[in-house]
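# A structural walkthrough
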Amino acid sequence: MQIRELKIPDSYELTPKQFGDDRGVFLEWYRFDRLEEAVGHRLELAQANTSVSKRGVVRGIHFADIPPSQAKYVTATHGSVLDFVIDIRVGSPTFGEWDSVLLDDVDRRAIYIAEGLGHCFVALTDDATVSYLVTSPFNAEREHGVNPLDPEIGLDFGIAADELLLSPKDTAAPSLAEAAASGLLPTWEAARTFYSALDEGR
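Residues numbered from 1 in each chain as written. Predicted model: local features only at pLDDT ≥ 70, side-chain atom pairs only at ≥ 80, totals over all residues. Heavy atoms only, no water.

### Some details on unusual backbone geometry
Of the consecutive residues Gly 60 and Ile 61, the connecting peptide bond is found in the cis state with omega at 10°. Along the chain, Ile 61 turns up in strand 6 (residues 58-64). Looking along the chain, the bond that leaves Ile 66 and enters Pro 67 is cis, with omega of -5°. Of note, Asp 10 is a non-glycine position whose phi angle comes to about 80°, a positive value. Positionally, Asp 10 belongs in the loop between strand 1 (2-5) and strand 2 (11-15). Phi angles above zero are rare outside glycine, and Asp 127 is one such case at about 55°. Residue placement: Asp 127 occurs in the loop between strand 11 (118-123) and strand 12 (128-134). Classification of Asp 127 by relative accessible area gives partly exposed; the value is 48%. (Helix = DSSP H or I, 4+ residues; strand = E, 2+ residues; numbered from the N terminus. Buried < 20%, exposed > 50% of the residue type's maximum accessible area, 1.4 Å probe, protein only.)

Below is the structure:
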């Protein structure tokens, strides 16, 4: 498995080694020990989710209050999505910036997104199936969003705007500036403190 840190601190692209023959393919799509080496601590997985989306569906930008927030390990088991990590941590040197990874059923990459970061993806195919391993159970009161069409962030979906499909909740989400002004966003300092505690506990 190859692991590459993305330009947003505390996020990684993971590319598994695939073993194929005339029967099909085998791969390890998650290795706790390899991820621990990169991240600095072991993930305490608490929930697994799956979403199936038609082409053009946008899910996000989503995040949860820190602590404990919710780290995510995401892969596409069918079809393809463009997966985004957005730095919404106020005070971060890359605040407002983003990076992306193509997740599909060909290269079978995964993306790791640490607690306090924003997550979003757009389905590039019909029936795009995404599986998430997360470190904290869903808690609606602690879950928030930023509008994925916010021009200040400028996500490049690679699909025409009139083909994008958003939920009413995501459409109504505040811009990054509005979320920051209201105190909704996590801070870089709180995130670093939380990561340090996880590293010490390993």
